[in-house]
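Okay, here's what each chain looks like letter by letter:
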Amino acid sequence: MKKTEVRDIGINTHRELEVNPEVPVNEYYIDIANKFKTAKFILILLLVVFVLFMISVFRKDVTLENFKYLVRFFSSANTVYSGDFANIYYDTTGIAGVDMFNSDFVTLRNDSIDLYDMNGSNVASYDINQVTPTVVSRGKYMLVYDLGGYNFELFNNFSQLTSQTYDYPISCAAVSGEGMHAVVTKSLEYQSVIYLYDHNFNLISKIYKDKYITDIKIDSEGKKLICTSIMAKDGMFSSEVITYEPYTDKEETKEALPGSFAVSCGFFTDGGYGVLTDSAILFYDKNSKMVSNYSLNRVVPTNCLILDENVVLCYNENIVGTDTRVIVFDTKGNTVVDTKVSDKILDTASYMEHLYVLTNGVVNSIDMKTGEQMVCDIETGATSVHVCDKNSIVIGYSNMAKPCKIGELFAQGESK
C-alpha cells in the first residue's frame with residue numbers, strides 16, 4: 001500500500017518575500033518610478049526655495065493678523081452660514097449705525113467697528129476715529145468713511161487693509177467687488193475731487209470737477225466709474241451723469257440733465273446703469289444710451305434701490321394713508337412688479353430676486369420676478385432688516401439683532 005505524504009500548508013507570516021530570479025524585471029516601470037522619485041525631490045526643493053523667497057520679499061506681510069486672515073478665510077469658505085443662530089447683543093452706547101458685511105453683523109461707533117457672527121460672537125474689532133462713520137460695501141470689501149470728516153478705512157472680513165486722511169471733508173465714496181475704491185472730497189479750487197485707487201490701494205487717478213458730486217459708483221469688474229453731479233444755474237438745479245474709464249481722468253460719456261437734481265446712481269450686471277433724480281428714474285444701457293425714463297410725477301420716494309438686476313421704487317400712496325406702493329423695474333425700465341404693503345416702510349433689503357420690506361411688526365418678502373408676497377409677523381420695535389445669505393436674514397432692534405432662517409420665518413406666514 002502506497003503511503004500518502006502529509007505536508008504542512010500553514011502560512012508563515014514571517015517569511016520574507018522571495019523574488020523568483022527566473023522572472024525578468026521590467027526595466028520600463030523601474031525607469032518610471034525613478035523619474036517620479038526625482039520629480040518629487042525637485043518639487044520639494046522648489047517649494048522650499050519659493051517659501052524662502054516669498055518670506056524674504058514679503059516679510060512685512062508675514063504677521064499674526066494675516067495668519068488669522070488665512071485661518072478665517074478657510075473656515076468661512078462656505079458663504080451660507082450653517083451654524084447655530086443666537087441673538088446678537090451689543091453695547092448700544094455711541095452706536096452710529098449697523099449693517100451687514102459678508103454674513104457678519106457690523107456695528108459702527110465713532111471710535112470702533114465690531115463684527116459679529118450669527119451665533120452672537122464678536123469675531124473682529126477695529127479702532128477708528130470718525131465723527132459720522134458711514135459704510136459702503138461690495139463683495140469682499142467694506143469701506144468706512146467719515147461723512148463730512150477727513151478719513152476713511154478699507155476692510156475685508158479679516159483685517160484693515162488701508163486708510164487715508166485728506167485735507168478737505170469727504171462727501172461720498174464707493175468700492176467695487178474686486179477692491180477698486182473711490183473717495184470724493186474737494187480742494188481749494190474745485191468743488192469736488194475724486195481720488196481713485198486700484199485693488200492694490202495705489203492712487204491711479206485724481207478727477208477734478210467744478211460741480212458738487214452727489215453719488216459715485218464703480219462697476220463690479222472695476223472697468224467703469226459713474227458719478228452724478230449738480231450745480232445751480234439761473235436759479236435752478238442742473239445735473240450731469242458722467243462715466244469714466246478708471247485708469248484715466250478723461251470723461252468717457254457725459255449727459256446734461258437741465259432742471260433736474262440727480263440724487264443717486266448704480267450699475268446693473270449687464271453693464272448698464274440707473275440714475276435717480278428728483279423727477280424721474282433714468283435707465284441706461286452699457287453704451288450709456290438712455291433706454292427708458294420713468295417719470296415720478298411729483299411722487300417723493302421713501303426709498304429707491306438700484307440693484308444688480310432691478311430698480312425698486314417705494315413711496316407712500318397718500319399723505320393720510322398708511323399703504324406704501326412698491327414698484328419693481330427691470331434694467332430696461334419695464335415694470336415687472338407693482339404691489340403694496342399695508343404700512344409705512346421702515347427699512348428694505350434685497351438678495352438676488354427677493355426683496356425684504358420691514359414695517360411695524362411685519363416682514364414682507366416680495367419675489368421681484370413673480371410678485372409673490374409673503375407676510376410674517378415679528379416682535380414690534382424692529383428698526384432694520386439685513387440679509388445674511390440666501391437662507392437667513394437679520395432683524396435689528398434698538399439693543400440687539402435677531403438672526404432668522406428665512407424658511408422657518410415665513411413657514412407660518414401669509415401669502416398674498
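Not measured: the values here are computed from a predicted model.

Here is what the cut-offs are and how they apply
Residues numbered from 1 in each chain as written. Predicted model: local features only at pLDDT ≥ 70, side-chain atom pairs only at ≥ 80, totals over all residues. Heavy atoms only, no water. Pairing = 2+ DSSP bridges. Helix = DSSP H or I, 4+ residues; strand = E, 2+ residues; numbered from the N terminus. Axes fitted to C-alpha atoms, helices over the stretch in contact; angles between N-to-C directions. Salt bridge = Lys/Arg side-chain N within 4 Å of Asp/Glu carboxyl O. Buried < 20%, exposed > 50% of the residue type's maximum accessible area, 1.4 Å probe, protein only. Phe/Tyr/Trp six-rings, centres within 6.5 Å; stacked < 30°, edge-to-face > 60°. Lys NZ or Arg CZ within 6 Å of the ring centre and 35° of its normal. Contact = heavy atoms within 4.5 Å. Core = buried A, V, L, I, M, F, W, Y, C linked by side-chain atoms within 4.5 Å. Patch = residues over 30% accessible without salt bridge, like charges linked within 9 Å, V, L, I, M, F, W, Y side chains within 5 Å. Areas by Shrake-Rupley, 256 points an atom, 1.4 Å probe, with all protein chains shown as cover. Disulfide = S-S within 2.5 Å.

(A) Here's a closer look at the sheet that holds strand β12 (residues 192-197). On the basis of which strands lie adjacent, the open sheet formed by four strands has the order β10-β11-β12-β13 and antiparallel pairing. Of all strands in the sheet, those bounded by a partner on one side alone are β10 (172-175) and β13 (203-209). On average, adjacent strands in this sheet sit at an angle of 15° to one another, irrespective of strand direction. Note that β10 and strand β11 (residues 181-185) share four bridges and pair antiparallel. In the sheet register, Cys 172 faces β11, and the bridge partner there is Val 184.

(B) Fine view of the pattern of salt bridges. Inspection of every chain in the model, using the stated rule, returns 13 salt bridges. Measuring nitrogen to oxygen at the nearest pair gives 2.9 Å for the salt bridge that ties Lys 217 to Asp 215. Linking Asp 338 and Arg 325 is a salt bridge whose minimum nitrogen-to-oxygen distance equals 2.5 Å. Here Asp 338, found in strand β25 (residues 335-341), pairs with Arg 325, found in strand β24 (residues 324-329); they are 13 residues apart in sequence, far enough to count as distant. With a relative accessible area of 24%, Arg 325 lands in the partly exposed category. Among the ionic contacts, a cluster of salt bridges with common partners joins Lys 209, Asp 210, Lys 211, Glu 240, Glu 251 and Lys 254.

(C) Spotlight on the packing of aromatic side chains. Counted by the stated rule, this structure contains 13 aromatic pairs. Between Tyr 190 and Tyr 208, the ring centres sit 5.1 Å apart and the planes meet at 45°, which makes this aromatic pair tilted. Highlighted residues: Tyr 190 in the loop between β11 and β12 and Tyr 208 in strand β13, separated in sequence by 18 residues. When the ring centre of Phe 41 is taken as reference, the NZ or CZ atom of Lys 40 above it lies at 5.0 Å. The cationic tip of Lys 405 hangs over the ring face of Phe 85; the distance from NZ or CZ to the ring centre is 5.8 Å.

(D) Fine view of the environment of Ile 226. By the secondary structure assignment, Ile 226 is in strand β15 (residues 225-233). Given a relative accessible area of 0%, Ile 226 falls into the buried group. The residues touching Ile 226, leaving out its near neighbours within four places in the chain, are Asp 215, Ile 216, Lys 217, Val 241, Ile 242, Thr 243, Cys 265, Phe 267 and Tyr 273.

(E) The nonpolar core, seen in detail. The biggest cluster of nonpolar side chains holds 28 residues, and the ones touching the most others in it are Phe 152, Ile 194 and Ile 216. Of all the elements in the fold, those that place two or more residues in this core are β7 (141-146), β8 (151-155), β10, β11, β12, β14 (212-218), β15 and β16 (236-244). Residue contributions to this core peak at five residues, all from β12. In this view, Ile 194 contacts Ala 182, Val 183, Val 184, Ser 205, Lys 206, Ile 207, Ile 213, Ile 216 and Cys 227; residues no more than four positions away in its chain are not counted. Counting residues in each nonpolar core, the second largest holds 17 residues, with Ala 349, Ile 378, Val 387 and Tyr 397 among its members.

(F) Broad picture of unusual backbone geometry. At Asn 102, a residue that is not glycine, the phi angle is positive and equals roughly 50°. The residue Asn 102 is located in the loop between β2 (95-101) and β3 (104-109) in this model. Taking relative accessible area as the criterion, Asn 102 reaches 39% and is therefore assigned partly exposed. Within the chain, Arg 298 stands out as a residue other than glycine whose phi angle is a positive 70°. For Arg 298, a relative accessible area of 84% translates into the label exposed.

(G) Just a nonpolar patch on the surface, in detail. Where nonpolar side chains cluster on the molecular surface, the patch consists of Phe 41, Ile 44, Val 48 and Leu 52 and spans about 400 Å² of accessible area. Position of Phe 41 among the secondary structure elements: in helix α1 (residues 27-57).

(H) A look at the state of the cysteines. With the rule as written, the count across this model stands at zero disulfides. Of all cysteine sulfurs in the structure, the one in Cys 314 sits closest to Cys 304, which takes part in no disulfide; the separation is 8.2 Å. With no disulfide partner, Cys 404 has as its closest neighbouring cysteine sulfur the one in Cys 376, 8.1 Å distant.

(I) Region of interest: the sheet that holds β7. Judged by pairing direction, the sheet is antiparallel, and its four strands sit side by side in the order β6-β7-β8-β9 without closing on themselves. On the outer flanks of this sheet lie β6 (133-138) and β9 (160-165), each paired with one strand and no other. Taken pair by pair, the neighbouring strands of this sheet meet at an average axis angle of 15°, ignoring direction. Pairing between β8 and β9: five bridges, direction antiparallel. The residue of β9 that forms the bridge with Glu 153 is Ser 163.

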